[in-house]
Amino acid sequence: MPDDESTLAAGVRPRVHLTPESGWINDPLGLTWQSGRYHLFVQHVPGQVEWAPSCHWAHAVSDDLLTWTHRPVALSPGEGDGGVWSGNIVLVDPALPGSVEPTPQQPARLFYTSVDLADVTIGRIRVATPTDQSWDSWTKGPVVATLPPDVDAIAFRDPYVFRDGARWRMVVGGGLRDGTAVAWSWVSGDCSDWTFDGEVARRPGAERSPVWTGQVWECPLLFPLQDSWVLVFSVWEPWVPHWVGYGVGDLVDGRFHARAWGRLGFGPSYYASSTFTDAAGRRGLIHWLRGVSDPEGRWSGAASIPHVLHLDGDHLRARPHPVATSGPVVAVLTSGSRLPLPPACWMEWGDASDTEAEDRSERQVTVTAADGSLAFHLVCRADEVVITTPETSAALPTAGSGWVGLLIDRLVIEVFSQGGVLAVPIPSHSALFAQTEESDEIAIRAVGVQR
């Protein structure tokens, strides 16, 4: 997550994706616009590049959602926490009925999963408040929710708190021993005292039409979008994380009624999504990117660029946030362009209204290092986009649209279509990243980009 050229020069890093200074990161958390800048937190394991249950909350700030500055670790294990796992942050607005009026020192509440290292599968939900307006450190408060004793669950974690009419609602993810994925619910009038409100949503792991949604829902998010409610979750089965899925429907009396289920994330990287509202009021997601790592072994993990969401009927669509496709940080490339590293770059073709899939010719993009070696190859056909690197291949459906966009950022590629989003790490040993005078730029060669 470099914020200047000197930091970037210290090693090979993505330019516009948050990465740790050192150690491991995974789930992005609590992305919030507050007092004129963005705060983002991530699960963090210091001192090693592999996951461990003793997670912390690391903290970074940004003015533009692309260039990040590290702040001190905000929350650490201890005081009854073996690990500090995922959750979210809410601003308690005194103008809303039943709200708790914030003080200048406590404008926010942080809800997180506290785990016992002896059994990390069943967590408990705890609250913390900031010690000052920097949000650099937080004071831990009480446990506010635990798994009801009569629920036979194999997982319980990842609170998401939001305003639901005149009260607050907390959604917590998990799954039952019979293979049913569940999101449970608690309600509160003051964001302090919480009452269990049963299941807000469930779906059996045996159901596979139109899409399989797993045996456990990690990181469940429930929010309004346009005229509907959307449930976003990460699909998990015991110790195997899969992809990001969603439901679209209605929230009635604290129960989510899905009209449609779908898959949003494709490829090997997207997981553990977190929702946010930007300074302009746009609803979005940011994801953990798995498999992105330092060629020199000093850090592992990244956060995606921010995505902006909209509904197309009952289909959830995502586009890159406008800051990532224009402006001084990201260059816009066309066929035949050459771009010195390290800037990130954006390419797109087609149009979201282009639905004449049968009339569209195959289109390809090949990205090479200056020495001619392959970084990745992308092929867009009538029904899918296929991206191939020296180490993997992944496909993304197009949903019948000709619009495709891709962001190239040294160690990772994000691809967008009407059918979903796809992220693929670029192998860190690729010559694309060689730090030599002879290999310090990429070349773009596109074939068939016009119909």
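Parameters and conventions
Residues numbered from 1 in each chain as written. Predicted model: local features only at pLDDT ≥ 70, side-chain atom pairs only at ≥ 80, totals over all residues. Heavy atoms only, no water. Helix = DSSP H or I, 4+ residues; strand = E, 2+ residues; numbered from the N terminus. Polar contact = N/O pair within 3.5 Å; in protein donor to acceptor, adjacent residues only side chain to side chain. Core = buried A, V, L, I, M, F, W, Y, C linked by side-chain atoms within 4.5 Å. Buried < 20%, exposed > 50% of the residue type's maximum accessible area, 1.4 Å probe, protein only. Contact = heavy atoms within 4.5 Å. Pairing = 2+ DSSP bridges. Axes fitted to C-alpha atoms, helices over the stretch in contact; angles between N-to-C directions.

Draft legend 1. Fine view of the environment of S401. Assignment of secondary structure puts S401 in the loop between β29 (393–397) and β30 (404–408). When the C-alpha atoms of S401 and E384 are compared, they prove to be 9.5 Å apart, with 17 residues separating the residues in sequence. Here the side chain of S401 touches W403 through a polar contact of 3.1 Å, landing on its backbone nitrogen.

Draft legend 2. Broad picture of the nonpolar core. Of all hydrophobic cores here, the largest spans 53 residues; its most connected members are L222, V232, F256 and L316. A per-element tally of this core places strand β14 (residues 228–237) first, with six residues. Ignoring any residue separated from it by four or fewer positions in sequence, one finds V232 in contact with C219, P220, L221, F223, V244, G245, Y246, S273, L285 and L316. Among the nonpolar cores identified, the runner-up in size contains 22 residues, and L396, I408, V415 and L422 belong to it.

Draft legend 3. Local environment of the sheet that holds strand β13 (residues 216–225). With antiparallel pairing, the four strands of this open sheet are ordered in space as β13-β14-β15-β16. Every other strand in the sheet has two partners, leaving β13 and β16 (255–263) as the edge strands with one partner each. Going from strand to strand, the sheet's axes swing by 25 degrees on average, the running direction of each strand aside. Of the pairings in the sheet, the one linking β13 to β14 comprises eight bridges and is antiparallel in character. In the sheet register, L221 faces β14, and the bridge partner there is V232.

Draft legend 4. A look at the side chain of H287. Secondary-structure assignment places H287 in strand β19 (residues 283–293). A polar contact of 3.4 Å, which involves the side chain of H287, links it to the side chain of H307. Leave out the neighbours within four places in its chain, and H287 touches P28, V244, L264, Y270, Y271, A272, S273, A302, A303, S304 and H307.

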